[in-house]
Amino acid sequence: MFIGHWAPALAVASRRRTPGLGTLFIAAQLVDWAFFALLLTGAEKMRFTPGVSVMNPMDLYHMPYTHSLLGAALFAAGFAVLISLATRDRTAGIIAGAVVLSHWLLDLLVHVPDLTIAGSPPKIGLGLWNHPAVEMPLELGITFGALWLYVRARRPSPVRIAVLAAILAALQGFNWFGPVDPVVTAGTSVLAFIAYGAATVAAWWMGKSAQGASRLV
Ligand SMILES: [Zn+2]
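Please read these numbers as outputs of a predicted model, since none were measured by experiment. (Residues numbered from 1 in each chain as written. Predicted model: local features only at pLDDT ≥ 70, side-chain atom pairs only at ≥ 80, totals over all residues. Heavy atoms only, no water.)

Colleague: Would you take a moment to explain the nonpolar core for this structure?
Modeller: Note that soluble globular proteins tend to have their nonpolar side chains buried in a common cluster. In this structure, W6, L10, L21, F25, L147, L164 and M206 are the most contacted members of the largest nonpolar core, which totals 47 residues. Broken down by element, the residue count for this core peaks at 7 residues, all from helix α8 (residues 186-208). The residues contacting M206, other than those within four sequence positions of it, are L10, L21, L147, Y150, P156, R160, I161 and L164. M1, M55, V110 and W176 belong to the second-largest nonpolar core, a separate cluster that totals 7 residues. (Core = buried A, V, L, I, M, F, W, Y, C linked by side-chain atoms within 4.5 Å. Buried < 20%, exposed > 50% of the residue type's maximum accessible area, 1.4 Å probe, protein only. Helix = DSSP H or I, 4+ residues; strand = E, 2+ residues; numbered from the N terminus. Contact = heavy atoms within 4.5 Å.)

Right, dumping it as structure tokens:
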């Protein structure tokens, strides 16, 4: 799951009393931002092993902090508190925290068993990455379906919708069909930060043009 993680952000932002769309985009990928940061420090680990799943060569063999249910829940709780304080709106904080937690649940659908409940085995994952005929339409469907919900409710600028949609489609296309690095380097994390950052900036920019756009962070 890559761009599909932003579906919950778009879906909840089509409703009132949410934090801004940029904040929700960060929430949706918060544990992946953290994973790629911890990858730089060596605290979490992955390697490229083509074939580890049909669709994804990333062998995510050590990520106890960011991709355990417990770890993701702690990230969600921390982000919820932060957003509650920043917005002085507890509902907004809870929504932001729920979007953080949605990441682990969507990963559970697609990952081959590399997730944990509390950091140690058994490893779990339902493995839709081995079933592209299911995973690809699912990921595109939830993402662009949620974007449609947001557009219908908030009527943002058509140009900004097109920019966000193009960035999401390009990122997913690169993820599915682009070249595979042979080894993990600092560049692996930098590329991830650029991808998440580009989508987040585009979402924030589109959200700024929306009707009834959130005044919250
Ligand atoms: Zn993830």
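Colleague: Help me understand a nonpolar patch on the surface in this model?
Modeller: On the surface, V159, V163, V201, W204 and W205 cluster together to form a nonpolar patch covering roughly 460 Å² of accessible area. Of all the secondary-structure elements, those providing two or more residues to the nonpolar patch are α7 (158-177) and α8. Among the elements that make up the nonpolar patch, the one with the highest residue count is α8 (3 residues). Among the structural elements, W204 can be located in helix α8. (Patch = residues over 30% accessible without salt bridge, like charges linked within 9 Å, V, L, I, M, F, W, Y side chains within 5 Å. Areas by Shrake-Rupley, 256 points an atom, 1.4 Å probe, with all protein chains shown as cover. Salt bridge = Lys/Arg side-chain N within 4 Å of Asp/Glu carboxyl O.)

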